[in-house]
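The primary structure of each chain is shown beneath.
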Amino acid sequence: MNSEFSQVFQKAAQLLPIILFACALYMVHSQLKAHSLGDILGLLTAMPLPMMAAAFALTVVNYLVLAGYDWLALRFTGYRQIPLPKMLAAALISYSISNNTGHAWAAGGSVRYRFYSKWGVQGWDIIKISLFQTVTYLLGALSLGLVGSLLLPHYLSSQVTEPPVIHWVSGVCAMTLLAYWLAIFLWRKPIMLKGFELTLPSPAMTLAQTLVSGIDVVLSSLVLWVLLLGKVDIGIGAFLVVFVVAQVVGVISQVPGGIGVFESAFLWLMSDIETTDQHLLLIGALLLYRIIYYFLPLLLAGIGLLVYELGHRALLLAESADTVKRLLSAVIPQLYSLLLLLAGGLLLVSGSIPANSQAMAWLCGLLPLPVIELSHLAGSLIGLLLLFLARGIRLKMDAAWYASLLLLGLGILSALLKGFDWREALVLSVIFLMLLPTRSHFHYRSSLLHMPFSTSWLMTVLMVLAGSVWLGFFAYQDVEYADQLWWQFSYEGDAPRFLRAWLILTVVMVVFCLSRLLRVAPPPAFSKPSEAELDEAQHLIKNSQQTQGYLALLGDKHLFWNADRNAFIMYATSPQFWIAMGDPVGELSAFEELLWDFIEQADRYGAKAVFYQVSPECLPHYLDLGLSLFKLGEEARVDLSAFNLKGKRHDNERSARNKFAKLGFGFEILTGQAVETQLPRLRQISDAWLANKNTREKGFSLGFFSEPYLRRTPVAAIKDPTGQIMAFANLWETLNHQELSIDLMRYDPSSPKGIMDFLFVELMLWGQQEGYQRFSLGMAPLAGLERRRLAPLWHKIGAVIFDVGDQFYNFEGLYEYKAKYLPQWQPRYLAAPTGLAMPRALMAITRQISGSWQGIVSK
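Below is a short write-up of the structure. (Residues numbered from 1 in each chain as written. Predicted model: local features only at pLDDT ≥ 70, side-chain atom pairs only at ≥ 80, totals over all residues. Heavy atoms only, no water.)

**Some details on the overall build of the protein chain**
On a plain count of helices and strands, the protein chain comes out with 29 helices and 14 strands. Per-residue burial over the protein chain gives 53% buried out of 859 residues. The contacts of the protein chain with a sequence gap of at least 6 include a subset with a gap of at least 24, amounting to 76%. Surface exposure of the protein chain reaches about 38,000 Å², of which carbon and sulfur atoms provide 64%. (Helix = DSSP H or I, 4+ residues; strand = E, 2+ residues; numbered from the N terminus. Buried < 20%, exposed > 50% of the residue type's maximum accessible area, 1.4 Å probe, protein only. Contact = heavy atoms within 4.5 Å. Areas by Shrake-Rupley, 256 points an atom, 1.4 Å probe, with all protein chains shown as cover.)

If you want it as structure tokens, here you go:
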């Protein structure tokens, strides 16, 4: 029952933006029905140039103020050395992208991560920066929201009933701000989370955050205000209140850029402006505001990257420019995917509204009617295809790059032939030229027919289509619809062309959706790797920088290889998820394409890809996959070059070593035939250990007793004075001596106390003598999740799973045990889809580790 409820809730949450967008369209339609499209377009063209120039200038100033978020965040986290031009570039590009997306802070944060991580900012500090920026915006929004909600009833007309929710908004804003400011003044201690320290900003810094965010909101409102200056009967105070409330509604909706939602909320709150002329001016100003404040910065950011790309192409050959190239490869796909969405939307909108009558009269004497009809139909179809290709550009697919150039070229031609719309052709030409020199950033080879689509992306496409359809019916609201319209062909037949085009587009969309549903194949009969395949994998594992790949040799997971077979992913499957264990193994240069192949293959079988215990080094790859990152715990790594038993912290280890030395116990590394000979004794120890612990074998991320597995690794053993093995652990080692680790650890229950401490110490000293750089103690699965009352839902579910597992496997005790060796802690993450898919993925992972659903709740 709970599972069914969570699935229904998840689907409802995914549909919420499009539901809000539909409501916004209805409200906008009710506000616009008194006007014609020609009146609105005429008003746009008649807008004075000085007003538009002033609005653009205010937009530039506002975006510079937005960079203040980054400036404050970098100083709060201690990174004052980053030059101002670099900080400005990262901030402006990030905000140009995030302002046009729904999940604004996440979208901008992923771009910012790629910049700051290359400039020496640590991963956890980047998370702090993103959190700091979110709090900064909320401080300004809550402060202005409190003022706005208190003043809004004063400005509402008598015809508009005061919504009761306004009082709740006032209360929530006031209580939240009061609690936060009390914490700023009274809470002095840092918040420690498994070694990760969070501190609250000082009162001065908090005041600076509030001021910067407040100035940001006020400036963005002035961009719209200057377009209405002297034309609408409303004071600046009332206008600011209405703007703030409408903007907060747009942000909460998570509709990309708040488009439609912001406008509808603003028009409703301004409903006491009853004269037709002023209402029409308000609508025109909102459209210009959307273009100047949102679309134009996005276009300028793309042009800026284009100029940089052309001007520095020669420098990219130098080694010092590699970092710049990697940064561009992160930013360009996101930016250009938005530009293609803009191009596709432009073609769809153009196909939904009447053509310029003067241009059509001129074309009548040059082109036959069938050419114009086909050009109109082709333009709308190209617009739809560009919406889908934008996803391929976001995924860095080379086929999408070629197809986008082709369709943009055809779109330019159709714009000229269907009504000589030179403005539309100019915009498409600019995007075409911007895309042209970026070929090197789109190197992922894949079929466009198998391109994966996220739910949020499909929702965005549907919203663009819905908006353009509504615009078409609004433009032809005075046309009497009849069956004859479908078959009317004439140079003036704009409405019939609109209907025929959308009939074709509807058919294309239905065919696409059916093909996506029907092509989901049944799960294949996966086979476990053969001995020869494990031999091939072992070669790559030994030549890797980390030892985690040894888990593939257990043989309980499938191996997903790239075409060149120089890299693989080990994974397990469930009906809903393909769960990869750790990062890919093999050649680093092959990781990106291998990861994309993996998620595409999972998508073909109707599953989502999840990556468990991934390292910080590969985080950019998972962000590019569109996955979210969740900290699972921290891996303990002991620096063997500095390891010793001196000091009070190692009293127990020294005592254990001296004790077992006096008892005549010895340490030995077994290899080859020696391991084969001792396998019966090792199994005897393992069975006795499991019986003593009253537990069963785990798997997936933890080793289990398997003779074929143990034959592939050396074994560290502790022998008693008679030469009998009393404890053992199999070794993971790399040929370059970068890392040494262990997996399966077992001891005879009759052994003296402290025998595993003796084994660990001897093994580390042996590794130090052999020249290994570090010793990995591994990590506890599902450790490090938040347990606070306000923690996200997926953290709470994961913490419950962790607690259940801890009763039977002592995950939490592992952390304390490893800490006594003074290791360096490196975070490990889960890369998974956002939303309620994440806790379900955690449950699926726990099942893989436990071996069955029964294993989760029983030993």
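Continuing now.
**Overview of the nonpolar core**
Counting residues in each nonpolar core, the largest one holds 69 residues, and the members touching the most others are Leu386, Phe598 and Phe611. The element that contributes the greatest number of residues to this core is helix 12 (residues 322–352), accounting for 10 residues. Apart from residues no more than four positions distant in its own chain, Phe611 is found in contact with Ile569, Ala580, Gly582, Leu595, Phe598, Ile599, Tyr622, Leu625, Leu627, Tyr829, Leu830 and Ala831. Met51, Phe132, Ala141 and Ala285 belong to the second largest nonpolar core, which has 55 residues in total. (Core = buried A, V, L, I, M, F, W, Y, C linked by side-chain atoms within 4.5 Å.)

**Digging into the pattern of salt bridges**
Per the counting criterion, the structure on display carries 16 salt bridges. One salt bridge connects Glu762 with Arg657, and the closest N-O pair in it is separated by 2.6 Å. Note that Glu762 is positioned in helix 25 (residues 755–770) and Arg657 in helix 22 (residues 651–662), a separation of 105 residues in sequence. Glu762 sits in the buried class, given a relative accessible area of 13%. Exposure remark for Arg657: the relative accessible area of 32% places this residue in the partly exposed category. Salt bridges sharing partners connect three or more residues here, namely Glu635, Arg637, Glu739, Arg774 and Arg828. (Salt bridge = Lys/Arg side-chain N within 4 Å of Asp/Glu carboxyl O.)

**Here's the deal with the packing of aromatic side chains**
Summed over all chains, the structure comprises 20 aromatic pairs. Summarising the aromatic geometry, the rings of Phe76 and Phe132 are spaced 4.9 Å apart at their centres and angled 25° between planes, so their arrangement reads as stacked. Taken together, the residues span a long stretch of sequence, with Phe76 in helix 3 (residues 49–76) and Phe132 in helix 6 (residues 123–155) at a distance of 56 residues. Here the aromatic cluster, defined as three or more aromatic residues joined through ring pairs, consists of Phe560, Tyr571, Trp578, Phe598, Phe611 and Tyr622. Stacked on the ring of Trp401, the Lys or Arg Arg439 has its end atom at 5.8 Å from the ring centre. The ring of Trp561 carries the charged tip of Arg565 above its face, separated from the ring centre by 4.3 Å. (Phe/Tyr/Trp six-rings, centres within 6.5 Å; stacked < 30°, edge-to-face > 60°. Lys NZ or Arg CZ within 6 Å of the ring centre and 35° of its normal.)

**Regarding helix 14 (residues 369–394)**
Helix length check: helix 14 (26 residues) gives 38 Å between terminal C-alpha atoms against 38 Å at 1.5 Å per residue, within 8%. Along helix 14, the helix axis deviates most sharply at Leu387, where the bend reaches about 25°. Of all 26 residues in helix 14, 19 are buried, a share of seventy percent or more. After helix 14 finishes, the residue Lys396 shows a positive phi value of roughly 65°. (Expected span 1.5 Å × (residues − 1). Bend = angle between axes of the 7 residues up to and from the residue.)

**Structural notes on the packing of helix 3 against helix 8 (residues 203–228)**
Relative to each other, helix 3 and helix 8 sit at 165°, their axes nearing to 9 Å. When the axis of helix 3 is compared with that of helix 8, the two are roughly antiparallel. Regarding helix 3 and helix 8, the two cross each other, and that crossing is left-handed. Residue composition of the contact of helix 3 with helix 8, by class: 20 nonpolar, six polar and one charged. (Axes fitted to C-alpha atoms, helices over the stretch in contact; angles between N-to-C directions. Parallel < 35°, antiparallel > 145°, perpendicular 65-115°, else oblique. Left-handed = near helix turned anticlockwise from the far one by under 90°. Nonpolar A, V, L, I, M, F, W, Y, C, P; charged D, E, K, R; others polar.)

**Things to note about the environment of Asp216**
Relative to the assigned elements, Asp216 resides in helix 8. With 75 residues separating them along the chain, Asp216 and Ala141 place their C-alpha atoms 9.8 Å apart. Setting aside anything within four residues of it in sequence, one finds Asp216 in contact with Asn62, Val65, Leu66, Tyr69 and Tyr293. Only 2.9 Å separates the side chain of Asp216 from the side chain of Tyr69, close enough to count as a polar contact. (Polar contact = N/O pair within 3.5 Å; in protein donor to acceptor, adjacent residues only side chain to side chain.)

**So, a nonpolar patch on the surface**
A cluster of nonpolar side chains, Met175, Leu178, Leu182, Phe185 and Leu186, forms an exposed patch at the surface whose accessible area comes to about 540 Å². Of note, Leu178 is situated in helix 7 (residues 165–186). With relative accessibility at 47%, the residue Leu178 sits in the partly exposed group. (Patch = residues over 30% accessible without salt bridge, like charges linked within 9 Å, V, L, I, M, F, W, Y side chains within 5 Å.)

**A look at the side chain of Thr206**
If you trace the backbone, Thr206 turns up in helix 8. Once residues lying within four places of it in the same chain are set aside, the contact partners of Thr206 are Leu139, Tyr180, Trp181, Ile184 and Pro201.

**Considering the environment of Lys631**
Checked against the element boundaries, Lys631 lands in strand 8 (residues 628–639). Judged by relative accessible area, which is 11%, Lys631 ranks as buried. C-alpha of Lys631 to C-alpha of Arg828: the two residues are 197 residues apart in sequence and 6.0 Å apart in space.

**Considering the environment of Ala832**
One can find Ala832 in strand 14 (residues 824–832). Overall, the relative accessible area of 0% leaves Ala832 in the buried class. Taking the C-alpha atoms as reference points, Ala832 and Tyr622, separated by 210 residues in sequence, lie 8.7 Å from one another.

So far we have only geometry, and geometry alone does not tell us how the molecule works.
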